[in-house]
Structure formats: C-alpha cells, structure tokens
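The lines below spell out each chain.
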Amino acid sequence: MWWQGIPPSVRGRVWSLAIGNELNITHELYDICLSRARDRWKFLSMGGSEVENEDSGLSAADREASLELIKLDISRTFPNLCIFQKGGPYHDMLHSILGAYTCYRPDVGYVQGMSFIAAVLILNLDTADAFIAFANLLNKPCQMAFFRVDHGLMLTYFAAFEVFFEENLPRLFAHFKKNNLTPDIYLIDWIFTLYSKSLPLDLACRVWDVFCRDGEEFLFRTALGILKLFEDILTRMDFIHIAQFLTKLPEDLTPDDLFSSIASIQMQSRNKKWSQ
C-alpha cells in the first residue's frame, strides 16, 4: 500500500508517525520558537541590529540574511499554485514554520530548499504538526549533512551513490563521466527539496510516502530510477542539456513509469547494502 501511494486524506498522519518525533518537540515549543521569530522580525523591521549571539555561532548579519532569504524564497515556492505567495492562504503558515525553525536551530538557520519541504508538509498537516515533522525530518543524518553543508559527509554520500550508479546503469555512468557530470550537479537539488521542486507535486508526495518508510536509501534509489527512466534521452545529451533536463523533469512523468523504474534498481553492490 505504501508503494501504491498513501491516500491523501491520511497522508499527513502517516508521515508524522513514520518520521517520528525523536526530538520530543511539543506544540508549546513551536509557539515559543514562533514568538521569538516574530519578536526578531519586528525588531529588524524597526531597524534594530542584533548583538552577536555566541551560542548560535551565527553573526547577527547571518541571521538577518537568513530571515531575509525566507521572505524571498517563500514567493518562489510552488509559484504555479499561488497559495504560498504574498496574500495566498498558506503564505503566513510557511513563513511561521521557517522562521520558528531558525530560532529552534540557529546553528543551521534557513537554507534554500527548506521552503519546499515545509510547504509539502503544510499541505498535509496543520502548522504545529508540520513544524514537528519538519524539524525531525531535517534532523535525519542525510538531511543534516546537506543542510549544514558537511562536505566530507556529502562526498561520502556521492561516492556511495556512484557505486550503485555504475552497477545499475554502466552505460549512462560512463556517459556522465565523459561529460564531467558529477552527482552534486543534480543530486543536491533533489536531496535539498526531497524531489518536490523537480517532480510534479503529486508524484513527489508518492516518493515521500516510501521515503518516510525506507529512509535516505530511497532518495538515492529514486535518483537512479529517474536516471534509468530517461537513460536513452540522457545518453544523447551534452553537459548543459543534461543539467537543465534533470533540474526540471518532464511534467507528464507518470507514477507508474517512475515507480516501476525505481523497483528495478538494485541497492546492493558486491554483497554490500546502502547502509554499509
């Protein structure tokens, strides 16, 4: 049933349970973080300048930039839907969750791509529960490595991905190598937004369904499924066209095609599993 897609009416509840709440975040904690964010926005809008906060490791300028970036990014989140833009029904909700998160994790702050993850959760959960799921999701090892730009760990993920890439799709792997197309060029965007920016939204939600159950391995398995599905097209393209194609995948991509492609991907190499 997970594989066939969770019914939208219970999707949010199922995601919440699957993601869990290891951080033990309560609705009250969300309210506290949101209140802090609002105070900060008010202070900054009045021309105030924050003093350096040694605990967070971020300068006032960094935090200010982080809050400004949220404003800018919200308008770029699912622009076709128009529900997150200024005046839209979900604009303030998205603003609140992202602002509260910068207060909850000042060491991480706001990073581009987060708005898409928060937006997908908002479409399936109420605000406080969306925040709880958001913070716990970002706390997973893979997400934290990317959002904190831990280069060492990111390179480890890319190297592991390339092992399975070569194993499953040797011809395309050789073509990418020849064109100097490294995984970071397309994978970073896919991982940062959990496919919600590159795939049609309903299909991204289907990917989230299995990702919530299977964890990070499924993100990389999905990447290989996409590459396999478009292998013939991609092998005829050069560097620029491949990069453009993978940034925004075809709108007419069907769930059945993608999921049967993902199903054919083997996540075992020389008796080693992804987790190893």
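An unreviewed UniProt entry lists the protein under the name Rab-GAP TBC domain-containing protein, with Aquarana catesbeiana given as the organism.

## Let's talk about the overall build of the protein
The secondary structure content of the protein amounts to 15 helices and 2 strands. Its C-alpha atoms give the protein a radius of gyration of 19 Å, within 12% of the compact-globule value 19 Å for 276 residues. Along the first, second and third principal axes, the C-alpha atoms of the protein reach 60 × 40 × 35 Å. Here the protein holds 276 residues, and 50% of them are scored as buried. Sequence separation of at least 24 residues holds for 74% of the intrachain contacts in the protein that already meet a minimum separation of 6. Of note, the protein has its 26 positive side-chain charges centred 3 Å away from the centre of its 34 negative side-chain charges.

## Brief notes about the domain arrangement of the protein
Its domain assignment divides the protein into domain 1 (10-139) and domain 2 (143-273). Each of domain 1 and domain 2 was reduced to a C-alpha centroid, and the two centroids are 27 Å apart. Facing 23 residues of domain 1, the contacting portion of domain 2 comprises 16 residues. Taken over both partners, the interface formed by domain 1 and domain 2 buries close to 1700 Å², and the fraction arising from carbon and sulfur atoms is 74%. When the buried surface of domain 1 facing domain 2 is broken down by residue, R11, W15 and L137 rank first, second and third, together holding 27% of it. Across the domain 1-domain 2 interface, the total number found is 2 salt bridges. Across the pair R148 and D107 runs a salt bridge whose closest N-O atoms are separated by 3.4 Å.

## Details of the packing of aromatic side chains
Scanning the entire structure with this criterion turns up 28 aromatic pairs. With a centroid separation of 5.2 Å and an interplanar angle of 90 degrees, the aromatic rings of W3 and F259 are classed as edge-to-face. Placement of the pair is W3 in the segment before helix 1 (8-19) and F259 in helix 15 (residues 255-263), with a sequence separation of 256 residues. When the ring of Y157 is compared with that of W274, the centres are 6.4 Å apart and the planes differ by 25 degrees; the resulting orientation is stacked.

About the thresholds
- Residues numbered from 1 in each chain as written.
- Predicted model: local features only at pLDDT ≥ 70, side-chain atom pairs only at ≥ 80, totals over all residues.
- Heavy atoms only, no water.
- Helix = DSSP H or I, 4+ residues; strand = E, 2+ residues; numbered from the N terminus.
- Rg over C-alpha atoms; globule rule 2.2 N^0.38 Å.
- Buried < 20%, exposed > 50% of the residue type's maximum accessible area, 1.4 Å probe, protein only.
- Contact = heavy atoms within 4.5 Å.
- Lys, Arg positive; Asp, Glu negative; His and termini not counted.
- Charge placed at Lys NZ, Arg CZ, Asp CG, Glu CD.
- Domains from an automatic or database assignment.
- Buried area = accessible area lost by both parts, 1.4 Å probe.
- Salt bridge = Lys/Arg side-chain N within 4 Å of Asp/Glu carboxyl O.
- Phe/Tyr/Trp six-rings, centres within 6.5 Å; stacked < 30°, edge-to-face > 60°.

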